[in-house]
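Here is what each chain is made of, one letter per residue.
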Amino acid sequence: MSLITISTHVLDSSTGHPVPNMCIEVYTFSHQQSAFTFLRTIHTDQTGRNMDVLGNKTINPTEQNIPHPETTSTSGIPTTTMKSEHLLDGLTEESKHALETYQHMYKLRFHTANYYKAQSVPTSCFYPYVDIVFQVDGESIQDSQGRRHYHLPLILSPFGYTTYRGS
């Protein structure tokens, strides 16, 4: 079984610079609830990167801790923080099979309006936040330590954005 790591990098194409301290909310898809569940809030570093999106460096899909909510709010949007429980406790056979075949779906929500407001951009930001939804399918190349890495760059401006699967 291989381990999974996820990273991101945010660049502002209007300035040609990385985006430091960008607030990013991380979600995972709950098949039982048919909705995304909040995992944690992260920020980019001074180079616009966050190399540890999931907060565990490496995740073993059949042994990872899955969060369960406690009440709180993040960035003015009602949401939850999480406590950890063993992932396989209480899962249906279908959910266990999905984990075994690496069928995880995540969402990263980038708070772009907050960034541009802090930059004193003279025009309003057209996209107040950017959601990137992606599936970890276990098809990436394994490194020498048995990890599969997923990198999600975001290139943005006040009026547009693009993303792709990086390396």
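It should be emphasised that the depicted structure is a prediction, and the values quoted were computed from it without experimental measurement.

Trainee: Report on the pattern of salt bridges, specifying residues and quantitative values.
Mentor: On inspection of all chains with the given rule, the structure shows one salt bridge. With a closest N to O distance of 2.7 Å, Asp131 and Arg109 form a salt bridge. Of this pair, Asp131 sits in strand β9 (residues 130-136) while Arg109 sits in strand β8 (residues 104-110), and the two are 22 residues apart along the sequence.

Trainee: Give me the lowdown on the pairing of strand β4 (residues 35-43), citing residues and values where you can.
Mentor: The two faces of the sheet receive side chains in turn, since in a regular strand these alternate between them. Taken together, the eight bridges between strand β3 (residues 23-30) and β4 define a ladder with antiparallel strand orientation. Bridge pairing in β4 places Ile24 opposite Ile42. Remark: four residues form the turn of the hairpin made by β3 and β4, two consecutive strands paired antiparallel; Ser34 in that turn has positive phi of roughly 55°.

Trainee: Outline the packing of aromatic side chains, listing residues and values.
Mentor: To describe a pair of aromatic rings, one takes the distance between the centres and the angle between the planes. One pass over the structure, following the stated rule, counts six aromatic pairs. For the ring pair Tyr27 and Phe38, a centre distance of 5.6 Å and an interplane angle of 75° mean the geometry is edge-to-face. Placement of the pair is Tyr27 in strand β3 and Phe38 in strand β4, with a sequence separation of 11 residues. Of the two residues, Tyr27 and Phe38, both sit in the buried class. Seen from their ring centres, Tyr127 and Tyr161 are 5.1 Å apart, and the 85° between their planes marks the pair as edge-to-face. Residue Tyr127 is located in the loop between α2 (112-118) and β9, and its partner Tyr161 is located in strand β11 (residues 160-163); the two are separated by 34 residues in the primary sequence. Assessed through its relative accessible area of 31%, Tyr127 is described here as partly exposed.

Cut-offs and rules
- Residues numbered from 1 in each chain as written.
- Predicted model: local features only at pLDDT ≥ 70, side-chain atom pairs only at ≥ 80, totals over all residues.
- Heavy atoms only, no water.
- Salt bridge = Lys/Arg side-chain N within 4 Å of Asp/Glu carboxyl O.
- Helix = DSSP H or I, 4+ residues; strand = E, 2+ residues; numbered from the N terminus.
- Pairing = 2+ DSSP bridges.
- Phe/Tyr/Trp six-rings, centres within 6.5 Å; stacked < 30°, edge-to-face > 60°.
- Buried < 20%, exposed > 50% of the residue type's maximum accessible area, 1.4 Å probe, protein only.

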